[in-house]
Amino acid sequence: MSVSVMSAHHVCMSDFEEEARRVLPKAVYDYYRSGADQQQTLSDNTAAFNRWHLLPRVLRDVSRVDLTSSLLGQPLSMPVCVGATAMQRMAHPDGETATARACQKAGTGMMLSSWATSTIEEVMSAMTSSHGNGILWMQLYIYKDRELTLSLVRRAEEAGYKAIFVTVDTPYLGRRWDDVRNRFKLPSHLSMSNFSTATLAFSEGSYGNDSGLAVYVAKAIDPTLSWDDITWLKKHTRLPVIVKGILTGEDAIQAVNHGVDGVLVSNHGARQLDGVPATLDVLEEVVTAVQGRCEVYLDGGVRRGTDVLKALALGAQAVFIGRPVLWGLACQGDTGVSEVLDLLRDELQLAMALAGCRSVSEIRRSMVRRKAFTSRI
């Protein structure tokens, strides 16, 4: 078992964030970092992983540990993928194209945000620019203009994206205090590159005293979204459809009954409704509800290899990371994102070995146990 050499400055994921905090403009760092309202769910997403113990098996010959996995039949080098995060050129001039190059090098998948500052086609070009086995998926917001929405889907299909992750938790934007205070908007030299008008590209001059993104969502995104729109989307694409933003077993059952191919257990990085559960705390409920009828993934709070191991033991097919990728991107572009992915790969490989797992298929529910609650009163 070999472990790659990490940068002396980046020993753990928080090292990347600390460097990113120093190099990014305050409003950009605040936008990437913050959660909704008092940010209770933001802290709980990471804290949830500490509520579970790992129960290792020993004497299992872990001289070789195989991390390979798959998502919707597409092979992955590891069950760690890059989730959709908006406007990545605020972090680095290469933005989403740098992230794509890092994913290709790592042999894993990247979900591109509808609100990217690089086009659908540019990111695919970056993903296929050299040898590697990366996969691209498209994250989709459903706009009031349905033909505009379908144009994004068609472009993703034509470019070779492998699935549509439709976000279902954002009829309006959650209230993020720092963004309101900062009157957040894109820097003037950037825009949401997949749209042609200033209104849709989030590049108008002023958005008043609110978060500019909240104003944008209220104008453009459709709050009437319902389960009928999942049926509508499936009729208009040949790609697999995954719903992103499920937190209950009831909604997971609705999703599979509407024919989705996957469910992403997500609270939008704790950026929408504060006070919802940490994603890890509802993962098993969702896995149980779908009864194997579709794949289940998780995002939110994943910062360590042991976090990935715990999520897989509780039934996730793969996990998605968001903020760590942005911190790596801010630190050193595609090299920084590669370091983040390599660090998680090495940590997961070591955690699996120490837990007695020689492959992802050997990860079992019996390997985790929720800590007993004890009162401190």
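Computed from a prediction, not measured in an experiment: that's the story for all the values here. (Residues numbered from 1 in each chain as written. Predicted model: local features only at pLDDT ≥ 70, side-chain atom pairs only at ≥ 80, totals over all residues. Heavy atoms only, no water.)

Draft legend 1. Structural detail: the nonpolar core. Ranked by internal contacts, the top residues of the largest apolar core, which has 119 residues, are Met87, Trp115, Leu213 and Tyr216. Looking at this core, the element that brings in the most residues is helix H13 (residues 323-355), giving 16 residues. Apart from residues no more than four positions distant in its own chain, Tyr216 is found in contact with Trp115, Tyr143, Met192, Phe195, Thr199, Leu200, Ala201, Phe202 and Ile221. With 13 residues, the next largest nonpolar core counts Leu76, Met111, Leu264 and Ala318 among its residues. (Core = buried A, V, L, I, M, F, W, Y, C linked by side-chain atoms within 4.5 Å. Buried < 20%, exposed > 50% of the residue type's maximum accessible area, 1.4 Å probe, protein only. Helix = DSSP H or I, 4+ residues; strand = E, 2+ residues; numbered from the N terminus. Contact = heavy atoms within 4.5 Å.)

Draft legend 2. Here's a closer look at empty space enclosed by the protein. By the definition in use, this model includes two cavities of 30 Å³ or more. What the largest cavity holds in volume is close to 460 Å³. Taken together, 31 residues form the lining of the largest cavity, with Ala84, Thr85, His268, Gly269 and Arg271 sitting closest to its centre. Those elements that place two or more of their residues in the lining of the largest cavity are helix H2 (26-33), strand E11 (318-321) and H13. Of the volumes computed, that of the second largest cavity is approximately 40 Å³. If you go around the second largest cavity, the residues you meet are Tyr141, Ile142, Thr167, Thr170, Pro171, Ile221, Asp222 and Leu225. Classifying every residue of the lining of the second largest cavity by side-chain character gives five nonpolar, two polar and one charged. (1 Å grid on protein atoms, 1.4 Å probe; cavity = no way out; pocket = protein on both sides within 12 Å on 5 of 7 lines; lining within 4 Å. Points joined across faces, edges and corners; volume = space filled by probe spheres on them. Nonpolar A, V, L, I, M, F, W, Y, C, P; charged D, E, K, R; others polar.)

Draft legend 3. Broad picture of the layout of surface pockets. As a volume, the largest pocket reaches approximately 180 Å³. Looking at the largest pocket, the residues that line it are Val168, Pro171, Leu225, Ser226, Trp227, Ile230, Gly245, Ile246, Leu247 and Asp251. Going through the elements one at a time, helix H9 (227-235) and strand E8 (241-246) are the ones with two or more residues in the lining of the largest pocket. Along the lines of polarity and charge, the residues of the lining of the largest pocket split into seven nonpolar, two polar and one charged.

Draft legend 4. Highlighting the pattern of salt bridges. Counted by the stated rule, this structure contains 21 salt bridges. With a shortest N-O distance of 2.9 Å, Asp178 and Arg33 are connected by a salt bridge. Residue Asp178 is located in helix H7 (residues 177-182), and its partner Arg33 is located in helix H2; the two are separated by 145 residues in the primary sequence. Overall, the relative accessible area of 17% leaves Asp178 in the buried class. For Arg365, the salt bridge goes to Glu284, with nearest N and O atoms at 2.5 Å. (Salt bridge = Lys/Arg side-chain N within 4 Å of Asp/Glu carboxyl O.)

Draft legend 5. A look at H2. Residues Val28, Tyr29, Asp30, Tyr31 and Tyr32 constitute the buried set of H2. Those residues of H2 that are buried lie in contact with helix H1 (13-23), H7, helix H8 (212-220) and H13.

Draft legend 6. Structural view of the packing of helix H10 (residues 249-257) against helix H11 (residues 279-290). Packing of H10 against H11 leaves a shortest axis separation of 8 Å and a crossing angle of 35 degrees. For the element pair H10 and H11, the recorded crossing hand is right-handed. On the side of H10, the interface is formed by Gly249, Glu250, Ala252, Ile253 and Val256, while H11 contributes Glu285, Val286, Ala289 and Val290. Residue classes in the contact of H10 with H11 are distributed as six nonpolar, one polar and two charged. (Axes fitted to C-alpha atoms, helices over the stretch in contact; angles between N-to-C directions. Left-handed = near helix turned anticlockwise from the far one by under 90°.)

Draft legend 7. Summary view of the side chain of Glu96. Residue placement: Glu96 occurs in helix H4 (residues 95-106). One buried charged residue, Glu96, forms no salt bridge at all, with the nearest opposite charge on Arg89 at 4.3 Å. Looking at Glu96, its side chain comes within polar contact range of the main-chain nitrogen of Gln88, at 2.9 Å. Leave out the neighbours within four places in its chain, and Glu96 touches Met87, Gln88, Arg89, Met110, Leu112, Ala116, Thr117, Ser118 and Val123. (Lys, Arg positive; Asp, Glu negative; His and termini not counted. Polar contact = N/O pair within 3.5 Å; in protein donor to acceptor, adjacent residues only side chain to side chain.)

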